[in-house]
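# Chains, contacts and geometry: an overview
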Amino acid sequence: MKEISKTYNPAGIERDIYRLWEEKGLFHASLDHKKMPYTIMIPPPNITGILHMGHALNNTIQDILIRYHRMKGRQALWMPGTDHAGIATQNVVERRLSSQGANRHELGRQAFINEVWKWRQEYGNTIISQLKRLGASCDWSRQRFTMDEGLSEAVQEVFIRLYEKGLIYRGNYIINWCPRCRTALSDEEVEHEEIEGRLYYIKYQVKPEGSACRACEPDYLIVATTRPETMLGDTALAVNPSDERYKSLVGRRAIVPVAGRHIPIIADDMVDPAFGTGVVKITPAHDPNDFNAGKRHNLQEINIMGPDGVLNENAGIYKGVDRFMARKQLAGFLEKEGLLDKVTPHRHAVGHCYRCHTIVEPYLSKQWFVKMKPLAGPAIEAVESGNIKFYPARWEKVYLDWMYNIRDWCISRQIWWGHRMPVYYCRACCCGDSSKGVIVSRVKPDKCPHCGGKDISQDEDVLDTWFSSWLWPFSTLGWPFNVAVSGGKTSPGDMEKQKKEFAYFYPTSCLVTAQEIIFFWVARMIMAGLEFCKKIPFRDVYIHGTVRDDTGTKMSKSLGNTIDPIEIIEQYGSDALRFSIISITAAGQDVFLNKERFESGRSFANKIWNASRFILMNFKPEPVCSLEDYFKNTGFSLADKWIWNSFQKAVKAVEKAIGDYRFNDAANIAYDFIWHKYCDWYVEIAKTSIDLPRTQAVLFNILINCLKILHPFMPFVTEALWQEMEMAEPLMVSEWPRIAGNEIDEGAISRMDKIISIIAAVRNIRAQMNISFKQPIRVIVSTKDKDMFSSADELSVYAGKLANAGQVRVDTLKTGPRPSASSVLDFCDVFIPLEGIIDIEKEKARLDKELGEAEMFLSAVNKKLANKSFIDRAPAGIVRDEKQKALVLTDKITRIKENIKNLT
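On a predicted model such as this, the values are computed, not experimentally measured, just so you know.

Scanning the chain from terminus to terminus reveals 29 helices and 29 strands. Each of the three principal axes of the chain carries a C-alpha extent, and together these read 115 × 75 × 50 Å. Within the span of the chain, comprising 904 residues, buried residues form 54% of the whole. Contacts in the chain between residues at least 24 apart in sequence constitute 77% of all its contacts with a sequence separation of at least 6. For the chain, the exposed surface amounts to about 40,000 Å²; the carbon and sulfur share of it is 49%. When the 118 positive and 112 negative side-chain charges of the chain are each reduced to one mean point, those points stand 1 Å apart.

On to the environment of Phe390. With respect to the helices and strands, Phe390 occurs in strand E15 (residues 389–391). Placed 120 residues apart in sequence, Phe390 and Cys510 show a C-alpha to C-alpha distance of 9.8 Å. In this structure, Phe390 is in contact with Val383, Trp395, Glu396, Tyr399, Val522, Val541 and Ile543, ignoring residues within four places of it in sequence.

Here we take up the packing of aromatic side chains. Scanning the model with the defined rule gives 43 aromatic pairs in all. When the centroid spacing of 5.0 Å and the interplanar angle of 65° are considered together, the rings of Tyr173 and Phe369 count as edge-to-face. Of the two residues, Tyr173 is situated in strand E5 (residues 168–178) and Phe369 in strand E14 (residues 361–370); the sequence distance between them amounts to 196 residues. For Phe369, a relative accessible area of 6% translates into the label buried. Between Tyr542 and Phe663, the aromatic rings sit 5.3 Å apart at their centres with planes inclined by 85°, giving edge-to-face as the arrangement. Of this pair, Tyr542 sits in strand E23 (residues 538–544) while Phe663 sits in helix H21 (residues 663–686), and the two are 121 residues apart along the sequence. This pair shows no difference in class: Tyr542 is buried, exactly as Phe663 is. Members of the aromatic cluster, each reached through a chain of ring pairs, are Phe159, Tyr163, Trp368, Trp409, Phe467, Trp470, Phe474, Trp479, Phe481, Phe502, Tyr506 and Phe532. The ring of Tyr220 has Lys203 lying over it, and the distance from NZ or CZ to the ring centre is 5.9 Å.

Moving on: the sheet that holds strand E20 (residues 456–458). To summarise the sheet geometry, strands pair through backbone hydrogen bonds and adopt either a parallel or an antiparallel arrangement. Spatially, E19-E18-E20 is the arrangement adopted by the three strands of the open sheet, whose pairing is antiparallel. Two strands lie at the open edges of the sheet, namely strand E19 (438–440) and E20, each paired on one side alone. Each neighbouring strand pair of the sheet contributes to a mean axis angle of 30°, computed without reference to strand direction. Bridge count for strand E18 (residues 423–426) against E19 is three bridges, and the pairing is antiparallel. Along E19, the bridge assignment pairs Tyr425 with Val438.

So, on to the packing of helix H20 (residues 638–659) against H21. With their axes 9 Å apart at the nearest point, H20 and H21 run at an angle of 170° to one another. Here H20 is positioned roughly antiparallel relative to H21, judged by the angle of their axes. In contact with Ala639, Asp640, Trp642, Ile643, Ser646, Phe647, Ala650, Ala653, Val654, Ala657 and Ile658 of H20, H21 contributes Asp665, Ala666, Ile669, Ala670, Phe673, Lys677, Tyr678, Trp681, Tyr682 and Ile685. Its residues assigned to classes, the contact of H20 with H21 shows 17 nonpolar, one polar and three charged.

The next point concerns the confidence of the model for the chain. Averaged over every residue, the pLDDT of the chain is 90; the share at 70 or more is 95%. Scored below 50 in pLDDT, residues 483–488 shows eight contacts in the model against residues more than four places distant or in partner chains.

Pairing in this open sheet of four strands is antiparallel, and the strands run E6-E5-E14-E16 from one edge to the other. Looking at which strands have only one partner, the edges of the open sheet turn out to be strand E6 (183–185) and strand E16 (409–410).

Moving on to helix H6 (residues 126–134). What H6 keeps buried is the set Ile127, Ile128, Gln130, Leu131, Arg133 and Leu134. Of the surrounding secondary structure, the elements contacted by the buried residues of H6 are helix H1 (10–23), helix H2 (53–71), strand E3 (81–82), helix H16 (565–572), helix H17 (574–583) and helix H23 (715–724). Two residues or fewer after H6 comes Gly135, characterised by a positive phi angle close to 100°.

The next subject is the pairing of strand E12 (residues 279–282). Both faces of E12 are covered, namely the face carrying Val279 and Lys281 and the face carrying Val280 and Ile282. Across four bridges, strand E9 (residues 236–239) lies against E12 in antiparallel orientation. Pairing of Val239 across the sheet is with Val279, part of E12.

The next point concerns a nonpolar patch on the surface. Residues Val258, Ile317 and Phe333 make up a contiguous nonpolar surface patch of about 270 Å² in total accessible area. One can find Val258 in the loop between strand E10 (253–255) and strand E11 (262–267). Under the relative-accessibility criterion, Val258 is labelled partly exposed at 34%.

Below, the discussion takes up helix H14 (residues 492–505). With 14 residues, H14 ought to run about 20 Å at 1.5 Å a step, and its terminal C-alpha atoms sit 20 Å apart, in line with that. If you check which residues of H14 are buried, you get Met495, Glu501, Phe502, Tyr504 and Phe505. Here the buried face of H14 lies against strand E1 (37–41), strand E2 (75–79), helix H13 (472–475), strand E22 (508–514) and helix H15 (518–533).

Time to look at the state of the cysteines. Throughout this description, disulfide means a covalent bond between two cysteine sulfur atoms. On inspection of all chains with the given rule, the structure shows zero disulfides. Unpaired in terms of disulfides, Cys138 finds its nearest cysteine sulfur in Cys510, a separation of 14 Å. Overall, Cys138 belongs to the buried group, its relative accessible area being 0%. With no disulfide of its own, Cys429 has Cys451 as its nearest cysteine by sulfur position, at a separation of 3.7 Å.

Cut-offs used in this document
Residues numbered from 1 in each chain as written. Predicted model: local features only at pLDDT ≥ 70, side-chain atom pairs only at ≥ 80, totals over all residues. Heavy atoms only, no water. Helix = DSSP H or I, 4+ residues; strand = E, 2+ residues; numbered from the N terminus. Buried < 20%, exposed > 50% of the residue type's maximum accessible area, 1.4 Å probe, protein only. Contact = heavy atoms within 4.5 Å. Areas by Shrake-Rupley, 256 points an atom, 1.4 Å probe, with all protein chains shown as cover. Lys, Arg positive; Asp, Glu negative; His and termini not counted. Charge placed at Lys NZ, Arg CZ, Asp CG, Glu CD. Phe/Tyr/Trp six-rings, centres within 6.5 Å; stacked < 30°, edge-to-face > 60°. Lys NZ or Arg CZ within 6 Å of the ring centre and 35° of its normal. Pairing = 2+ DSSP bridges. Axes fitted to C-alpha atoms, helices over the stretch in contact; angles between N-to-C directions. Parallel < 35°, antiparallel > 145°, perpendicular 65-115°, else oblique. Nonpolar A, V, L, I, M, F, W, Y, C, P; charged D, E, K, R; others polar. pLDDT = per-residue confidence, 0-100. Patch = residues over 30% accessible without salt bridge, like charges linked within 9 Å, V, L, I, M, F, W, Y side chains within 5 Å. Salt bridge = Lys/Arg side-chain N within 4 Å of Asp/Glu carboxyl O. Expected span 1.5 Å × (residues − 1). Disulfide = S-S within 2.5 Å.

Right, here's the structure in full:
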């Protein structure tokens, strides 16, 4: 075996390894009925995006699953792609144009879209190249983009089918409007943030009745509002019908300050008598609750604002004033006129655009909507029946709560980049204002089907970005397989292949995503899959946590607390990043990161490299049969049996943890076995018999299997070592370790674990008492454990080699010789006679400290057991464990006290 380099240099190895995988086509998945499929669809990153730690976590989890199932013999497809990200991409390109002294309106729609395509070609795949740096083993030959021809056809097909089914409609509704992006937003695209605002208490004069004396002091109703500028669009005041304070005023009219408009005073249950004064202003064009109230009471809808957030002609003298400046000017005018009763601080949640963080305006606008309730029913049943499972399970309730209260989805966006509505209007038929003039079609019609007119124009709006994303699990696999839709470009042979692959890879196996897009994406994909494919889109949904800094603050560019994954990869290596972030990520929990965290991953990579280098340097090339064969034909030592059985146990535990989506447990099980059991102990033991074929067989076979179980987590260093061994095929497509059919020998594991504990205790005593390793010592093990008596010979051999124990005796002594150093283990006491070797007073001080700690722990356990509330409420298993802990601690304290006596 050739000698490998002394140090592991990820920067010099990772690119070569990834190139090897790509050149051999190892990422490609094709239809193979001899294998079970395993499919993951990547959450398509935005083409504006660059890799951040959230991406690193999300894609590392997906890659672990894909690599694991690929090695388990399944045909693993990880479908990659990117999202066109309508609003975000348009903003980026508009900023680019602005820096060049141009804007999209000067260019015109088609020229601007051409500029976006140019930008996409230049920058749109940055995140894909970064995912490759991370080690993502996607089938890049299948890479899709939400604006691809095939995916665009799927979007068009879905719109038309929903429209024909009556599930897409157009109407005037209050929507979320971003004045900066100048487009509608869905409810899920609005981020609500607590801000310090104000409540303005405004006086509305109540119009005198009939012959009321004009000289009398006018009556006023005081209304509290956070947005006084919208009063210019008020069309009513409302009170709760049960509010005795205002019952006599219902049916009368009030006068809107400044505007002078007379509006009715109405009664409506929507009014909270406890808020403000119990009187609210109704502005149907600028508030969703007011919009609904306006429909109930047949109120006028007055829009006083333009799409840029500037007041329009309906605002009278405030026309042309920005909404926030108008608020300030109106407050000043009202105060001057004595119509502002007071202003108080008011902290409340305000919606912000999820892209540019501008405060969103509730805005009356004609938009396109999808009726969601008919689609939600089957998607609810799919989860409640268990056909789709959430991990962790608590997210199921979050999903169902939203689905049961689902609202219609506003799907139109007033931007240019995206899938344009397949909707056309005949100007001769009322310019599209009537249903007669609306034509939904796959292609632009030559003439109006109603009047025959040829003056036809396409709707200017595009579809919400998520309208293409909710089709992702099946549109990427070729759905709807329609030659006519694709203009005859897809051959019947291609279609047949797509249909077969679709039937093979769909439904997908698992979706890995973040909690914030459960409603944006997860729920909608389930609805779309059931509606259009009559099958669920995936069986499992794994929701991972949010990446935060070490103070618990969510990572954000604006806060300056982000960690760049590419910088970490360049400094520590991709494996270090992957392993470090996964090993600290408990299922569904948030991740707390700082740069120092990645040291552990780098140290682990170096540990594996150094141990492998030692083994390979000392390996004598000759046929190495399987360990199962050695078990049949060769006598194994206790250490050999221990490492082999411990390995089998570790593999089973890793498999169980991955199956339960407990990735940190899987990573830490592999880490514990490889670092501690294999490298720290077995390799150390094996050094004394390294030339024996049996030892080499065990070392080598366990090593290659360690590389296998670690590969999904740390693909580069494991593949690099595999290549150094000149194996027949790349590690990535090798077979996952098979567990022997025989039962795991727990007895061998237990016996050797105890021997290792004793040796570790002896080594600790040597270190604490500053006893040179060159100085042979006597070791006395006091125990009632039968295993220790049957393992006395092995203990003597291993303790002699690893702890320089010249003599080892296993006995049932109640007390050790005096003076002696001791270590109290759960199953035995370890004594090292110290006559003439150490400072007795120092050892007594150490034991006194150990006694104090044990007594403190016992006191805490006893306090818990004395708490009736704990005993009554805690699970029986927890209470039982605490009682057992108390017994163990009590016994330990007794033995420590005895050992202190031994020093006297």
